[in-house]
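Coordinate analysis (summary)
In case you want the letters, here they are:
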Amino acid sequence: MLMKHGMNSRIALLDCAKSCVLASSPVFRRQQFLLRSLGGFIDHQPHSRDMQVLRSFEVDSECVIRAITPALDPSRHKGQAGNIAVIGGCREYTGAPYFAAISALKIGADLSHVFCTKDAAPVIKSYSPELIVHPVLEESYNVGEEHKKSISSKVLAEVDKWMERFDCLVVGPGLGRDPFLLDCVSEIMRHARQSNIPIVIDGDGLFLVTNNLDLVSGYALAVLTPNVNEYKRLVHKVLSSEVNEVDAPQQLLSLAKEIGGVTILRKGNSDLISDGDTVKSVSIYGSPRRCGGQGDILSGSVAVFVSWARQHILAANSNSNLSCKNPTVLGCIAGSAILRRAASLAFSNKKRSSVTGDIIECLGKSLEDICPAS
Ligand SMILES: NC(=O)C1=CN([C@@H]2O[C@H](COP(=O)(O)OP(=O)(O)OC[C@H]3O[C@@H](n4cnc5c(N)ncnc54)[C@H](OP(=O)(O)O)[C@@H]3O)[C@@H](O)[C@H]2O)[C@@H](O)CC1
Ligand SMILES: Nc1ncnc2c1ncn2[C@@H]1O[C@H](COP(=O)(O)OP(=O)(O)OP(=O)(O)O)[C@@H](O)[C@H]1O
Ligand SMILES: [Mg+2]
């Protein structure tokens, strides 16, 4: 299946493949033809042996979702089903934090906050009145050198006021890469960690963490959700090697272990999940559309399911019937499966025109089919 690449790089890949075909032997030409007719670029296509290996890690995601999703109990009050905060949204990107935050609500969280830059806030607010939007982050262009320290403390104080109420942070969707802003976000992450709040790290949050591994190293409540590029950067940095498709589960396991037992959800044709102890795979059918924003839905969904999984494991007091007891792994399994089911539903309705908003609209049905509300 196609990865999300720019059109130019796709054309370049095709040109390269064409010239190989012209220059190659008849046997090679026939192999190229067969691979093409199976539909995909060869360098990213998992081989059937690899697919078989992945299948052996496949998990019963429906069973996990049923176990951790809380009942709709009238005695519960607002906030108990989840209070999520997304740290992201800057001048360039307003869609990504919105997708993550609204997905958290559509899965079933009670409250969803966004902490973003002042420029991004009115835009994100205008997308939805459901979100609580805090225009607190600052980028370098807006801050004189002499004010950096005081502004940084102010940003941190604004987020700290709310911190203890959050069940999970999502750091990175549409965050951008401004150095001053990323320094402030590093401090926010350190405080979240001191308060034992789970952190899902995606997008530019992964850019930050890959260059500052101490932010997450050894923190069992950290979840990294890299796409193909972000994974490559992590593997280069941490394992000093190339991505290994032949033994992908083993490499993911080593990577998670090397970062001290964080949970990593490696996104792709199959989503692979590891906490350094175990590897799970979610391969249920999703969508052949690779429109931008699906990873953002995933990060918001995983945040809610991690919160629910923590509540479940705590309440079950080690009597959970699930073999895996790590809430971050359980949250990744559930988030991945619900997103993929929603993407599949959206695609069956809208085909080529299905976009991220259509998938978000299907999150409710995707969960309802497994856990009916009544
Ligand atoms: N509707 C929206 O608002 C959406 C917004 N989105 C948001 O976009 C952000 C990037 O996420 P993505 O998925 O495009 O990153 P990815 O595939 O690693 O990079 C592709 C190439 O671009 C480059 N590059 C990236 N960021 C860069 C930067 N700030 N400055 C300079 N270069 C940058 C990168 O270069 P490299 O890292 O290799 O140097 C690579 O070659 C992230 O915040 C995400 O949440 C998405 O969620 C989609 C929907
Ligand atoms: N090749 C693929 N085939 C099928 N599903 C895929 C494929 N690649 C990704 N997915 C699905 O899409 C979800 C999002 O992954 P993707 O790689 O698009 O993230 P991303 O690049 O971070 O997205 P975003 O555009 O939000 O930043 C994954 O959880 C996975 O289920
Ligand atoms: Mg992404």
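Residues numbered from 1 in each chain as written. Chains lettered and ligands numbered in written order. Predicted model: local features only at pLDDT ≥ 70, side-chain atom pairs only at ≥ 80, totals over all residues.

**Thoughts on the sheet that holds strand 4 (residues 168-171)**
How we decide: DSSP calls a pair of strands paired once it identifies at least 2 bridges connecting them. Only DSSP runs of H or I reaching four residues or more are called helices, and only runs of E reaching two or more are called strands; each is numbered from the N terminus. Working convention: axes come from line fits to C-alpha atoms, limited for helices to the stretch in contact. Angles between N-to-C directions cover 0 to 180 degrees. A pair of residues counts as a contact when their C-beta atoms, built from backbone coordinates, are separated by no more than 7 Å.
Spatially, nine strands are ordered 3-2-1-4-5-6-7-8-9 in an open sheet, and the strand pairing comes out mixed. Strands at the two margins of the open sheet, each flanked by one partner only, are strand 3 (132-137) and strand 9 (279-282). For this sheet, the mean angle separating the axes of adjacent strands, direction not counted, is 20°. Lying over the sheet, helix 5 (residues 95-107) contacts strand 1 (83-87), strand 2 (111-117) and strand 4, oriented at roughly 170° with respect to strand 2.

**Some details on the nonpolar core**
Put simply, the test is: By convention in this section, buried Ala, Val, Leu, Ile, Met, Phe, Trp, Tyr and Cys residues joined through C-beta atoms within 7 Å make up a nonpolar core. With C-beta atoms placed from the backbone, a residue is buried if 20 or more other C-beta atoms are within 10 Å of its own, exposed if 12 or fewer are, and partly exposed between those counts.
In terms of nonpolar packing, the biggest core is built from 99 residues, with Ile84, Ile87, Val170, Ile201 and Ile333 touching the most fellow members. Sort the elements by how many residues they give to this core and helix 13 (residues 327-350) lands first, with 13 residues.

**Section: the site of ligand 1**
Put simply, the rule is: We call a residue near a molecule or strand if the C-beta atom, set from the backbone, is within 6 Å of it. Gly is placed with the polar residues, together with every amino acid not listed as nonpolar (Ala, Val, Leu, Ile, Met, Phe, Trp, Tyr, Cys and Pro) or charged (Asp, Glu, Lys and Arg).
In the region of ligand 1, 17 residues are neighbours, and Gly95, Ala96, Gly203, Asn229 and Gly292 sit closest. Looking at the shell around ligand 1, the elements that each hand over two or more residues are helix 5, helix 10 (228-239) and helix 12 (294-316). In terms of residue class, the shell around ligand 1 is built from four nonpolar, nine polar and four charged.

**Re the site of ligand 2**
Every one of the 20 residues lining ligand 2 counts as a neighbour, but Asn227, Lys267, Gly292, Gln294 and Gly295 are closest to it. Taken together, the elements giving at least two residues each to the shell around ligand 2 come down to helix 12 and helix 13. No other element matches helix 12, which puts four residues into the shell around ligand 2. Looking at the shell around ligand 2 residue by residue, the classes come out as four nonpolar, ten polar and six charged.

**What to know about unusual backbone geometry**
For Asn196, which is not glycine, the phi dihedral falls at a positive 60°. Relative to the assigned elements, Asn196 resides in the loop between helix 8 (179-194) and strand 5 (199-201). You will see that Ser240, though not glycine, has its phi angle at about 50°, which is positive. By the secondary structure assignment, Ser240 is in the loop between helix 10 and helix 11 (248-258).

**What to know about the packing of helix 5 against helix 14 (residues 356-368)**
Put simply, the rule reads: Geometric relationships in this document are graded by angle, where less than 35 degrees denotes roughly parallel, more than 145 denotes roughly antiparallel, 65 to 115 denotes roughly perpendicular, and other angles denote oblique. Left-handed describes a crossing in which the near helix is turned anticlockwise from the far one by less than a right angle; the clockwise case is right-handed.
Viewed as axis vectors pointing N to C, helix 5 and helix 14 meet at an angle of 20°, and their least axial separation amounts to 9 Å. The orientation of helix 5 relative to helix 14 falls into the category roughly parallel. Handedness of the helix 5/helix 14 crossing: right-handed. Contacts between helix 5 and helix 14 involve Phe99, Ile102, Ser103, Lys106 and Ile107 on the former and, on the latter, Thr356, Ile360, Leu363, Gly364 and Leu367. Considering only residue class, the contact of helix 5 with helix 14 consists of six nonpolar, three polar and one charged.

**A word on the UniProt feature "binding site: (6S)-NADPHX" (unreviewed entry) in the protein chain**
Test applied: UniProt positions are given in the numbering used here, feature names are shortened, and annotations may be inferred rather than shown by experiment.
This chain's UniProt record puts "binding site: (6S)-NADPHX" (unreviewed entry) on Gly174, Asn227, Val228, Asn229, Glu230, Tyr231, Lys232, Arg233 and Asp296. Examined against the element boundaries, Asn227 turns out to sit in the loop between strand 6 (222-224) and helix 10. Excluding anything up to four places from it in sequence, Asn227 contacts Lys267 and Gly295. Looking at where Lys232 falls in the secondary structure, it is placed in helix 10.

**A few points about helix 11**
Operational definition: In this description, the arc belongs to the directions extending from the helix axis to the C-beta atoms.
For helix 11, the full list of buried residues reads Ala248, Pro249, Gln251, Leu252, Leu255 and Ala256. The buried residues of helix 11 occupy an angular sector of 165° when projected down its axis, which confines them to one face. Backbone geometry just downstream of helix 11 places Gly260 in the positive-phi region, at approximately 80°.

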